[in-house]
Amino acid sequence: MTDARGQAASKLEATPEHRRRAGRPRLRPASDAGVPPREEILDAAAGLFVSQGPAATTTRQIAERVGIRQASLYYYFAGKDEILLELLTQSVRPSLQVAAVLESRCRDDPAAGLYALALIDVRTLTRAPHNIATLYLVPEVQGEEFASFRAERDQLQGAYGRLGRAATPSAGLDEALIATLIMQVVESVIHLRRSGDLRDSHAHDIAASCLRLIGLGAPEITRARDAAGRLLAAASAPLENP
């Protein structure tokens, strides 16, 4: 994460006393000595949250999976909700940050911006640990403690709506409806991943489907795909083989 809280946590993790305090040894050796304890906790928690749900997951279970004492987990997170919030935010914020860059750089080519954003968002969702996005609609995530995550997801959806509306100004489509429909198309990758049907080609298939949804034809989609590749390269966005 690039926010102040994430930077502060990174600095804190760099100190030996935060990584391991005297009297709180691991219950077993770390599975990967090169992975910071905080990341181990997030990965372990993601696996448990997705497999059995947030309500059934305890901090004791997370700590046991990592191989640390339950008390040690609280050196890194205040509790289970904070861990879940971090995981959910990581599945949205990278795409939201790229959306801001794309919107500022593709005013003359919103179709390319929309295609590029869909590619980035699919990649973000694919790389999120243990398909954490399957938890977006569970009751626990609708609580006030997850309001910041929901707000960022709403902002991302709004970017889809603005880009989609700008790409088809004469179509008369409602921006809010465009945003909702495009978001659903992009997040189909969550279900593909869960079913085991996800393929590398799906990122471009989904991006192209977003443009078809707003009424663009094959030639326009091909041109947008080429332009999106150049746009992402210029923005140094984290997408291989665009």
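As a starting point, this report considers the structure included with it.

Definitions and limits used
- Residues numbered from 1 in each chain as written.
- Predicted model: local features only at pLDDT ≥ 70, side-chain atom pairs only at ≥ 80, totals over all residues.
- Heavy atoms only, no water.
- Salt bridge = Lys/Arg side-chain N within 4 Å of Asp/Glu carboxyl O.
- Helix = DSSP H or I, 4+ residues; strand = E, 2+ residues; numbered from the N terminus.
- Buried < 20%, exposed > 50% of the residue type's maximum accessible area, 1.4 Å probe, protein only.
- Patch = residues over 30% accessible without salt bridge, like charges linked within 9 Å, V, L, I, M, F, W, Y side chains within 5 Å.
- Areas by Shrake-Rupley, 256 points an atom, 1.4 Å probe, with all protein chains shown as cover.

Side note on the pattern of salt bridges
Per the counting criterion, the structure on display carries 5 salt bridges. Across the pair R93 and E152 runs a salt bridge, and its minimum N-O distance is 2.5 Å. With R93 in helix α7 (residues 93-105) and E152 in helix α9 (residues 147-167), this pair connects stretches of sequence that are 59 residues apart. The class of R93 is buried, set by a relative accessible area of 15%. E187 is the partner of R153 in a salt bridge, and the nearest nitrogen-oxygen pair spans 2.6 Å. With R153 in helix α9 and E187 in the loop between α10 (175-186) and α11 (188-195), the pair connects residues that are 34 residues apart, well separated along the chain. In this pair, the class of R153 matches that of E187, namely buried.

Quick notes on a nonpolar patch on the surface
On the surface, a nonpolar cluster with roughly 220 Å² of combined accessible area is contributed by L177, L181 and L213. Take L177: it is sitting in helix α10.

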